[in-house]
2 protein chains.
Amino acid sequence: SPGQTQNDRMGFVILVLANPHLSDTILTMNIEKPTLLLDTLRVRNNIHRMAEISRNQSVRFRPHFKTHQSIEIGEWFREENVRQITVSSVDMAMYFAGAGWSDILIAFPVNILQIRQINELAAMVHLGLLVESMETLEFLKENLTHGVDIWIKVDVGAHRTGIGWDQTDVIAELAHVISQSPRMVFRGLLTHAGHTYTARSRDEIRRISNDAVDKITNARNSLQEKGLAPVEVSIGDTPGCTLGVGLDRVDEIRPGNFVFYDLMQLQIGSCTPADIAAVVACPVVARHLERNELVLYGGAIHLSKEYLTLENGQHSYGAVCRLTPNGWGSIENGVWVKSLSQEHGIVRGPKEFIQQVKVGDVLAVVPVHSCLTVNLMKRYQTLTGETILTLEAGEW
Amino acid sequence: SPGQTQNDRMGFVILVLANPHLSDTILTMNIEKPTLLLDTLRVRNNIHRMAEISRNQSVRFRPHFKTHQSIEIGEWFREENVRQITVSSVDMAMYFAGAGWSDILIAFPVNILQIRQINELAAMVHLGLLVESMETLEFLKENLTHGVDIWIKVDVGAHRTGIGWDQTDVIAELAHVISQSPRMVFRGLLTHAGHTYTARSRDEIRRISNDAVDKITNARNSLQEKGLAPVEVSIGDTPGCTLGVGLDRVDEIRPGNFVFYDLMQLQIGSCTPADIAAVVACPVVARHLERNELVLYGGAIHLSKEYLTLENGQHSYGAVCRLTPNGWGSIENGVWVKSLSQEHGIVRGPKEFIQQVKVGDVLAVVPVHSCLTVNLMKRYQTLTGETILTLEAGEW
């Protein structure tokens with residue numbers, strides 16, 4: 001109604017008049033509550049850089065879309081000639097299949113309870129699946145109604161899941177059954193060297209990644225000696241792929257996190273602060289000067305409870321930057337999110353910093369793990385104010 | 001299309017035939033992917049028990065709806081004559097106002113950037129707000145367009161936020177300004193004794209809660225001595241309210257988590273396993289018998305990364321139960337979710353347990369912190385197969 005509009009306008013004007021602290025940026029961006037800000041230029045740079053790495057190394061680029069979970073951001077990959085993608089669930093495969101992606105790998109051990117949807121997908125797109133047991137393979141043999149590619153999941157040291165890289169007889173037996181099955185094409189060996197996340201320097205990333213590539217290529221060689229060929233190798237972690245370690249010895253890379261990076265990647269050494277493309281803008285709602293703390297509207301349901309351990313032994317749930325007219329500034333020294341409850345984030349920092357911040361200011365929190373933060377926030381706001389939705393926004 | 005339906009039916013029949021492991025329960029519940037199962041009888045019992053506690057102690061029951069975030073579950077509180085509710089955000093207040101709740105307290109320090117929505121709400125419902133600084137109070141004085149209740153947030157030891165209970169001059173000054181403002185009614189003092197969460201026994205809960213009630217009632221007495229009256233007291237944590245500690249000395253209780261409880265409440269001592277009303281049903285997708293581990297489809301985006309530290313020093317992201325024809329069984333001894341990535345949950349347990357579980361089985365994971373799990377899962381499935389949505393499902 002016209003009355004409503006009038007009220008809205010008046011509320012806005014009053015807000016501006018009564019709170020001179022509010023910076024131009026906040027007003028331009030219209031931030032009122034925790035908001036996932038996206039620097040799209042940085043995103044495009046990150047995509048371009050990884051696409052260049054894959055072109056220079058002549059390796060197939062099959063980016064993992066579980067980080068951004070967005071049809072719109074997916075389109076920016078198409079501009080780099082990406083045609084194959086990785087996802088982490090059947091639902092995510094359905095979402096991107098609906099947006100015209102026709103070559104999709106679900107990089108998660110097959111969940112046989114979703115066979116109906118898997119068959120639907122296999123009828124629509126070129127579908128890749130991950131297998132690591134004879135039980136699952138036998139089930140697929142009986143129940144697949146359309147052709148799929150099969151990758152064997154290999155463990156090269158992360159010990160999350162997969163068959164040990166040195167269990168070559170087990171791997172060969174699976175590969176044999178796959179190649180005998182009319183609805184399955186054996187593609188090769190796939191790993192996620194998640195233990196690069198324990199690295200704290202580029203040298204350490206290189207050492208772990210080289211070791212991981214050694215192991216999976218050894219397993220490949222062993223299969224080929226047993227007469228199975230061709231056997232491709234697919235690897236996936238952002239730290240190793242960013243540094244391009246061993247890519248001349250693999251066929252496919254599947255990094256995902258590099259699209260935004262985050263505090264964890266910064267700590268590992270796989271990005272610089274200027275590569276981080278997503279932060280959560282959080283209003284300041286209270287100050288506790290006596291203990292050098294601020295209270296943010298921004299908690300576990302916005303950032304996730306993923307943390308890093310700082311050198312002082314404390315947990316950090318995020319680093320803190322100020323907003324600027326063009327986005328956000330550099331990470332404030334010695335300022336960190338020290339605890340989270342459902343909607344509260346508690347920031348601690350040097351007295352000089354805490355004293356300068358006022359209730360109603362908005363601070364940018366660099367998330368520890370951007371994949372989890374995106375999944376919680378469900379939608380992005382670009383620096384020019386546009387909204388970008390994800391699968392989780394439930395509006396597609 | 002008819003062809004589609006035919007395929008669906010066939011897929012289902014084939015699944016049943018090819019996997020004799022699948023229990024009747026799984027088929028009845030139609031669980032294919034991580035599913036938040038709700039035992040509605042337990043929920044109603046939990047609600048009834050807390051309503052009884054409040055009636056016996058003649059204290060106002062203003063349950064916190066941030067745990068369930070559901071209009072439908074909210075209705076079950078109305079059946080216990082609950083008419084006042086607590087929420088943790090302006091959005092959540094809007095959601096429940098839209099469902100006919102007309103007395104809503106936003107138990108979070110006022111976010112002045114949402115003044116427009118706050119005024120909209122104050123025009124619609126009897127609205128309560130939390131204030132803990134003169135800055136915020138001055139802003140509200142200038143910008144409120146409708147009447148609201150104001151509670152002063154007091155810190156009785158949790159040190160998350162609020163004014164220290166012994167800062168009686170500061171509290172009195174705020175109370176004075178509130179009572180002078182035509183659009184504000186000073187209601188009293190509010191606290192969340194979140195430090196009861198450090199308790200590991202009922203005695204410890206009682207000790208911490210009694211101390212918390214001592215402190216906030218001291219602050220109240222001090223205000224009344226200064227001539228401010230009436231001054232109500234509102235407290236809120238589930239451990240203290242479940243045990244009814246000090247309720248004869250307060251006016252209002254605002255517990256939320258008790259509606260489902262969880263592993264954290266079990267560890268604290270505020271519930272029994274039979275009170276826990278929500279679990280996440282997760283398909284088993286891989287087994288690693290050599291290290292006594294299972295891989296679940298169910299990760300950080302389903303359970304949240306909240307953890308407990310077990311007696312053996314390991315982190316636990318959840319306990320594990322089997323599904324039964326009526327819901328889920330007791331917690332399996334020595335079985336726990338030892339790590340989570342985005343979609344994977346790694347379960348470790350005794351060899352005898354791990355060996356009995358097969359790929360395609362479904363296990364129930366008792367979440368560490370049900371509030372965060374509900375926020376991630378966004379919808380419930382009852383034991384009779386109905387779906388219940390939350391605010392986050394985005395379909396209301």
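Above this note sits the structure.
These notes cover the structure that comes with them. None of the values given here were measured: they were computed from a predicted structure.

## Some details on the overall build of chain A
Looking only at helices and strands, chain A has 14 helices and 21 strands in total. Taken against the 2.2 N^0.38 rule, which gives 21 Å for 396 residues, the C-alpha radius of gyration of chain A at 23 Å falls within 12% of a compact globule. Projected onto the principal axes, the alpha-carbon positions of chain A cover approximately 75 × 55 × 35 Å. In chain A, which comprises 396 residues, the proportion classed as buried is 62%. Across chain A, contacts joining residues at least 24 apart in sequence account for 65% of those joining residues at least 6 apart. Accessible area for chain A stands at about 14400 Å²; split by element, carbon and sulfur atoms hold 48% of it. Mean positive and mean negative side-chain charge positions of chain A (36 and 44 charges, respectively) differ by 3 Å.

## Points about the relation of the copies chain B and chain A
Taken as rigid bodies, chain B and chain A are interconverted by a rotation of 180 degrees and an axial shift of 0.0 Å, the fit giving an RMSD of 0.0 Å. Within this description, the copies of the chain are treated as partners about a two-fold rotation axis. For chain B, the smallest separation between a C-alpha atom and the rotation axis is recorded for Lys 305 of chain B, amounting to 2.7 Å. When the interface residues of chain B are mapped onto chain A, 100% of them are again interface residues, pointing to one common binding face.

## Considering the packing of helix α3 (residues 40-56) of chain A against helix α4 (residues 71-78) of chain A
Helix-helix packing is characterised by the crossing angle of the two axes and by the distance between the axes. Residues and elements named next belong to chain A. Between α3 and α4, the shortest axis-to-axis distance is 10 Å and the interhelical angle comes to 45 degrees. Judged by the angle between their axes, α3 and α4 are oblique. The two elements α3 and α4 cross, and the hand of that crossing is right-handed. Residues Thr 40, Val 43, Arg 44 and Ile 47 of α3 form the contact with α4, whose own contacting residues are Ile 73, Trp 76 and Phe 77. Tallied by class, residues from the contact of α3 with α4 come to 5 nonpolar, 1 polar and 1 charged.

## A short note on the side chain of Arg 220 of chain A
Residue and element names in this part refer to chain A. By secondary structure assignment, the location of Arg 220 is in helix α9 (residues 202-225). For Arg 220, a relative accessible area of 13% translates into the label buried. Of the polar contacts made by the side chain of Arg 220, one reaches the backbone oxygen of Val 231; its length is 3.1 Å. If we skip the residues at most four places from it in the chain, Arg 220 touches Leu 189, Val 231, Glu 232, Val 233, Arg 249, Val 250 and Asp 251.

Calculation notes
Residues numbered from 1 in each chain as written. Chains lettered and ligands numbered in written order. Predicted model: local features only at pLDDT ≥ 70, side-chain atom pairs only at ≥ 80, totals over all residues. Heavy atoms only, no water. Helix = DSSP H or I, 4+ residues; strand = E, 2+ residues; numbered from the N terminus. Rg over C-alpha atoms; globule rule 2.2 N^0.38 Å. Buried < 20%, exposed > 50% of the residue type's maximum accessible area, 1.4 Å probe, protein only. Contact = heavy atoms within 4.5 Å. Areas by Shrake-Rupley, 256 points an atom, 1.4 Å probe, with all protein chains shown as cover. Lys, Arg positive; Asp, Glu negative; His and termini not counted. Charge placed at Lys NZ, Arg CZ, Asp CG, Glu CD. Least-squares fit on C-alpha atoms with pLDDT ≥ 70 in both. Axes fitted to C-alpha atoms, helices over the stretch in contact; angles between N-to-C directions. Parallel < 35°, antiparallel > 145°, perpendicular 65-115°, else oblique. Left-handed = near helix turned anticlockwise from the far one by under 90°. Nonpolar A, V, L, I, M, F, W, Y, C, P; charged D, E, K, R; others polar. Polar contact = N/O pair within 3.5 Å; in protein donor to acceptor, adjacent residues only side chain to side chain.

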